[in-house]
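The residues making up each chain are set out below.
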Amino acid sequence: MFNAATHYQIDYADLSLILALVRGGTLARAAALLRVDVSTVFRAVRRLEAALGQTLFEKSRAGYLPTSLASNLAQLMPAYPALTLELSTSNDFANLSRRDADIALRLTKAPPAHLVGRCLGPVTYQVCASADYALQHPCHDWADLAWIAPDDFLPDHPTVIWRREHLPGVRPRYRCNSMQSVTELVRAGLGVAALPDFLMGDGLQPLGPALAGHDTALWLLTRPDCRALRSVVTLFDELGRHVRWLRS
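Residues numbered from 1 in each chain as written. Predicted model: local features only at pLDDT ≥ 70, side-chain atom pairs only at ≥ 80, totals over all residues. Heavy atoms only, no water.

1. Side note on the packing of helix H2 (residues 27-34) against helix H3 (residues 38-52)
Think of two packed helices as two axes; the pair is described by the angle between the axes and how far apart they sit. Which entries qualify depends on this criterion: Fitted lines through C-alpha atoms give the axes, limited to the stretch in contact for helices. The angle between two N-to-C directions lies from 0 to 180 degrees. We count a stretch as a helix when DSSP gives it H or I for four or more residues in a row; a strand needs E for two or more, and each element gets its number in order from the N terminus. If an angle is under 35 degrees, it is roughly parallel; if it is over 145, roughly antiparallel; if it lies from 65 to 115, roughly perpendicular; otherwise it is oblique. By the convention used here, residues are in contact when the closest approach between their heavy atoms is within 4.5 Å. Note on residue categories: nonpolar means Ala, Val, Leu, Ile, Met, Phe, Trp, Tyr, Cys or Pro, charged means Asp, Glu, Lys or Arg, and polar means any other residue, Gly included.
The contact between H2 and H3 brings their axes to 8 Å, and the two run at 105°. Overall, the two elements H2 and H3 adopt an arrangement that is roughly perpendicular. On H3, the residues that touch Leu27, Ala28, Ala30, Ala31 and Leu34 of H2 are Val38, Val41 and Phe42. Broken down by class, the residue content of the contact of H2 with H3 amounts to eight nonpolar, no polar and no charged.

What follows is the structure in structure tokens.
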């Protein structure tokens, strides 16, 4: 969900920090580019991620790798210095008609008729595991595996519906309040989960074909009256372009 105004405004120092980490790839190189010490960069990254409520970089032995949000914001925001954002990645359902948000990304087959927008592409789901977990558990009976799933905040999620239909006796060993958290636990080798295709990345492998009959689509939506707001139109067009690029 996105609002045109924000409680936290990304400034030039934040963008410089993001750019330095993208270019440097490590805290040490970013610190050298910014001419500060490593601890300053580390604290600045944590502060910015806390303020945005979103992870900007994936930390690994290889260094700092930008998530899709970090790289796209770094490209988008310098071109629109007057634009400010409020990002909400919670599971709360934003009511656009009540102006809870100006723009929303939603997984649905049929968006509400009173909203306008565009379909950014189909979304399929597959049962996935880490490579190590798959090697350690070669059995073909999915009911015997450790399952990771969304918690009660997402009772109607396509993966939850599929599991109830096909594996009614399974009780997930881990429950998470976001699909991103589900993905991270799978990547850590703690079990298996049904994941949307856009969250499948390095370190994960499908254990079977796409879940038939449970595909959805990703929609970018707004209210009809927002089409007259320059800030919303700009963000709507840019998000549509970047998210479509990420999915291609």
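2. Brief notes about empty space enclosed by the protein
This is how the line gets drawn: Only protein atoms enter the 1 Å grid, on which a cavity is a set of points fitting a 1.4 Å probe that cannot get out and a pocket is an open set with protein on both sides within 12 Å along at least 5 of 7 lines, lining residues being those with an atom within 4 Å of a point. Grid points are joined across faces, edges and corners, and a volume is the space filled by probe spheres set on the points.
Per the stated rule, a full pass over the model turns up one cavity of 30 Å³ or more. Of the volumes computed, that of the largest cavity is approximately 50 Å³. Every residue along the wall of the largest cavity is listed here: Trp147, Ile148, Ala149, Pro150, Thr159, Arg163, Val182, Ala193 and Ala194. Where the lining of the largest cavity is concerned, the elements lending two or more residues are strand S8 (148-150), helix H6 (158-166) and strand S10 (193-196). Per-element tally for the lining of the largest cavity: the top contributor is S8, with three residues. The residue makeup of the lining of the largest cavity, split by class, is seven nonpolar, one polar and one charged.

3. Quick look at the confidence of the model for the protein
The following threshold applies: Note on scores: pLDDT gives the predictor's confidence for each residue, bounded by 0 and 100.
When pLDDT is averaged along the protein, the result is 80; 82% of the residues meet or exceed 70. Predicted confidence is poor over residues 1-7, with pLDDT under 50, and the contacts of this stretch with residues over four places away or in other chains come to 33 contacts.

4. With respect to the nonpolar core
So the rule is basically this: In this description, a nonpolar core means a group of buried Ala, Val, Leu, Ile, Met, Phe, Trp, Tyr and Cys residues linked to one another through side-chain atoms lying within 4.5 Å. The classification of residues rests on relative accessible area computed with a 1.4 Å probe and restricted to protein chains. Under 20% of the type maximum is buried, over 50% is exposed, and intermediate values are partly exposed.
Counting 24 residues, the largest nonpolar core has Ile103, Val127, Trp147 and Val192 as its most contacted members. Among the elements of the structure, strand S6 (116-123), strand S7 (125-130), strand S12 (216-222) and helix H8 (230-247) are those that each provide at least two residues to this core. Looking at which element gives the most residues to this core, the answer is H8, with four residues. Not counting residues within four places of it along the chain, the set of residues in contact with Trp147 comprises Val127, Trp142, Trp162, Arg163, Leu167, Val170, Pro172, Arg173, Tyr174, Val192, Ala193 and Ala194.

5. Observations concerning the sheet that holds S7
The condition is simple: Here, strands pair whenever DSSP counts at least two bridges between them.
Across the sheet, three strands lie side by side as S10-S7-S11; this open sheet has antiparallel pairing. Edge positions in the sheet fall to S10 and strand S11 (204-206), since each has one partner strand and no second. Going across the sheet, the axis of each strand differs from the next one's by a mean of 55°, ignoring polarity. Direction of pairing for S7 relative to S11: antiparallel, over a ladder of three bridges. Counterpart to Ser130 in the pairing with S11 is Leu204. Seen against the sheet, helix H7 (residues 179-187) touches S7, S10 and S11 and runs at an angle of roughly 125° to S10.

6. A look at the packing of aromatic side chains
In plain terms, the rule: To pair, rings of Phe, Tyr and Trp, with the six-membered ring standing in for Trp, must have centres within 6.5 Å; the planes then decide the type, stacked if under 30 degrees apart, edge-to-face if over 60, and tilted in the middle.
Under the counting rule described, the total for this entry stands at two aromatic pairs. For the ring pair Trp147 and Trp162, a centre distance of 6.1 Å and an interplane angle of 40° mean the geometry is tilted. On the criterion of sequence distance, the pair formed by Trp147 in the loop between helix H5 (131-136) and S8 and Trp162 in helix H6 is long-range, its members being 15 residues apart. The pair Trp147 / Trp162 is uniform in exposure class, with both members buried.

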